[in-house]
Amino acid sequence: MADHGDEMTTNKKVVLRRYVTGYPTAEDMEVVVTSHVRLRVPEGSTAAVVVKNLYLSCDPWMRGRMSKHDDGDAVPAEDFVLGEALVNFTVGEVLDSTHPEFDAGDLVWGMSAWEEYTLITQTEGLFKINHPELPLSHYTGVLGLAGLTAYAGLFEVGKPKQGESVFVSAASGAVGQIVGQLAKIAGCYVVGSAGSDEKVNLLKSKMGFDDAFNYKLEGDDLGAALGRRLPGGINVYFDNVGGATLDAALLRMRPGGRVVACGMISQYNLLEHQGVRNLWCIIPKRVRVEGFSCMDYHHLYPRFEEEMAGYIKAGKVTVVEDVVRGIERAPEALLGLFSGRNVGKLLVALA
């Protein structure tokens, strides 16, 4: 491994120019170049690493951090800082380290920044990559946060039983595609919804979903679409979208059903969030609705990584990625996530 010593370089990064109201636009972000970046941990800084980012993950949760919130607002993380690199999960190579658990040359994934090189001083969310024989890009999704989210949300919150019916919204997305395949491995009947015929065909032909439908073709009658495909009702609804789909699914839940509230991408860009009208039915049906954070399940990661790597190698889990190349196109990629242009896990390749 080359010793980078006091090598200096330039560093391209994606920064937020202004806080966002409603749908984000290309003008809200820009790619800037910082000169004279040292590829070594600063002297006196302990338990830190310098990482060369190879892949950037695009995730819906970034939208919330692009707006300015009051101190009393309930938000999962702090707002992005204007003029500083956006923060999210990346895959990278350690160039220099003063941390006892990381060495130069290690391949890692975890919380970093949308830039070419990052000094990481808070390494609690940084993981070594134990299966470099698989595509490293998988650690932005199926072997990274999206995969752990799907695994923990389905099995720790949803708790599906063999023979039960599972409905997944945004089923072709980074989390949804994994939820559906894990539910099939668990012996469930799985139905997914997506936003195009191409995505529906992908779910049924490549990912093993028993059925799927294009919600955009159903108009305001999502309940009827669910009724046709799940006439016996839903045992587990893995919700990635909220809004009208959640409302329709609540009416179709079976007694003792579980709603896994993972995301609500239909609401992220709205100035006024939509309410839920059918919440009343959780009482007579004894339905449990539970939100969760993947951060609460980091302790499961070693077990998850080994299980998921085994499923991929055995062909039990199919991985679909939507790769955009070059940091200059990262803002464009993120915007595409909110319009549903991506098919599969959306990521940006830097190397």
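Residues numbered from 1 in each chain as written. Predicted model: local features only at pLDDT ≥ 70, side-chain atom pairs only at ≥ 80, totals over all residues. Heavy atoms only, no water.

Another point: the domain arrangement of the chain. In terms of domains, the chain is made up of domain 1 (8-141 + 321-349) and domain 2 (145-295). With 16 residues of domain 1 at the interface, the matching set in domain 2 holds 15 residues. Between domain 1 and domain 2 lies a buried interface of about 1400 Å² when both sides are counted; carbon and sulfur atoms form 65% of it. Across the domain 1-domain 2 interface, the total number found is 0 salt bridges. Here domain 1 is connected to domain 2 by 3 residue pairs in polar contact (both at pLDDT 80 or more). Partitioning the side of domain 1 that touches domain 2 into residue classes produces 8 nonpolar, 6 polar and 2 charged. (Domains from an automatic or database assignment. Contact = heavy atoms within 4.5 Å. Buried area = accessible area lost by both parts, 1.4 Å probe. Salt bridge = Lys/Arg side-chain N within 4 Å of Asp/Glu carboxyl O. Polar contact = N/O pair within 3.5 Å; in protein donor to acceptor, adjacent residues only side chain to side chain. Nonpolar A, V, L, I, M, F, W, Y, C, P; charged D, E, K, R; others polar.)

The subject of this paragraph is the packing of helix α5 (residues 222-229) against helix α6 (residues 243-252). To describe two helices that pack against each other, one gives the angle between their axes and the distance between the axes. At a minimum axis distance of 9 Å, the contact between α5 and α6 shows a crossing angle of 45°. By the criterion of interaxial angle, the relationship of α5 to α6 is oblique. Where α5 crosses over α6, the two elements pack in a sense that is right-handed. Here L222, G223, L226 and G227 of α5 lie close against α6, whose contacting residues are A244, T245, A248, A249 and R252. Classifying every residue of the contact of α5 with α6 gives 5 nonpolar, 3 polar and 1 charged. (Axes fitted to C-alpha atoms, helices over the stretch in contact; angles between N-to-C directions. Helix = DSSP H or I, 4+ residues; strand = E, 2+ residues; numbered from the N terminus. Parallel < 35°, antiparallel > 145°, perpendicular 65-115°, else oblique. Left-handed = near helix turned anticlockwise from the far one by under 90°.)

Here we take up helix α4 (residues 197-205). At 3.6 residues per turn, the α-helix brings residues three or four places apart onto the same side. For α4, the full list of buried residues reads K199, V200, L202 and L203. The buried residues of α4 occupy one face: seen down the axis, they fall within an arc of 160°. For α4, the exposed residues lying more than 90 degrees away from the buried face are E198 and S205. Where α4 is buried, its residues meet β9 (189-194) and β10 (211-214). (Buried < 20%, exposed > 50% of the residue type's maximum accessible area, 1.4 Å probe, protein only. Arc of directions from axis to C-beta.)

Right, let's get into helix α3 (residues 176-185). Among the 10 residues of α3, 8 are classified as buried, and the element is accordingly described as predominantly covered. Among all positions of α3, only G176, Q177, I178, V179, G180, Q181, L182 and A183 are buried. Along its buried surface, α3 packs onto α2 (145-158), β8 (165-168), β9, β11 (234-239), α7 (301-313) and β15 (345-349). Backbone geometry just downstream of α3 places G187 in the positive-phi region, at approximately 85°.

On to the side chain of T140. Within the fold, T140 resides in the loop between β7 (126-128) and α2. Relative accessible area serves as the criterion here: at 3%, T140 is assigned to the buried category. With residues up to four places along the chain from it excluded, the contact list for T140 reads Y55, S57, V91, K345 and L347.

Turning our attention to the sheet that holds strand β13 (residues 288-291). Spatially, the 6 strands line up as an open sheet ordered β10-β9-β8-β11-β12-β13, and their pairing is parallel. Looking at the sheet topology across the chains shown, the edges are occupied by β10 and β13. Here the average twist between neighbouring strands, direction ignored, is 15°. Where β11 and strand β12 (residues 253-261) come together, 5 bridges link them in parallel fashion. Within β12, the residue paired with V236 across the bridge is R258. Its contacts with the sheet place α3 against β8, β9 and β11, and it is angled at close to 170° to β8. Here α5 sits on the sheet and contacts β8, β9, β10 and β11; the angle it forms with β10, its principal contact strand, is near 160°. (Pairing = 2+ DSSP bridges.)

What follows deals with the pattern of salt bridges. Taken as a whole and judged by the stated rule, the model has 16 salt bridges. The salt bridge involving K128 is made with D106; its shortest N-O contact spans 3.7 Å. Of the two residues, K128 sits in strand β7 while D106 sits in the loop between β4 (87-97) and β5 (107-113), which places them 22 residues apart along the sequence. Across the pair D210 and K184 runs a salt bridge whose closest N-O atoms are separated by 2.9 Å. Of this pair, D210 sits in the loop between α4 and β10 while K184 sits in helix α3, placing them 26 residues apart in sequence.

Let us look at the side chain of S45. Tracing the sequence through the fold places S45 in the loop between β2 (29-38) and β3 (49-57). With near-sequence residues (within four places) excluded, S45 lies in contact with T98 and T121.

All right, on to the environment of R228 then. On the secondary structure map, R228 appears in helix α5. Using a relative accessible area of 52% as the deciding quantity, one classes R228 as exposed.

Attention now moves to the pairing of β3. Of all 9 residues that make up β3, 8 are buried, and the element is covered over most of its length. By the bridge criterion, 7 bridges tie β3 to β4 in an arrangement that is antiparallel. If you follow K52 over to β4, its bridge partner there is E93. For β3 and β15, the ladder comprises 3 bridges, and the chain directions are antiparallel. Within β15, the residue paired with Y55 across the bridge is A349.

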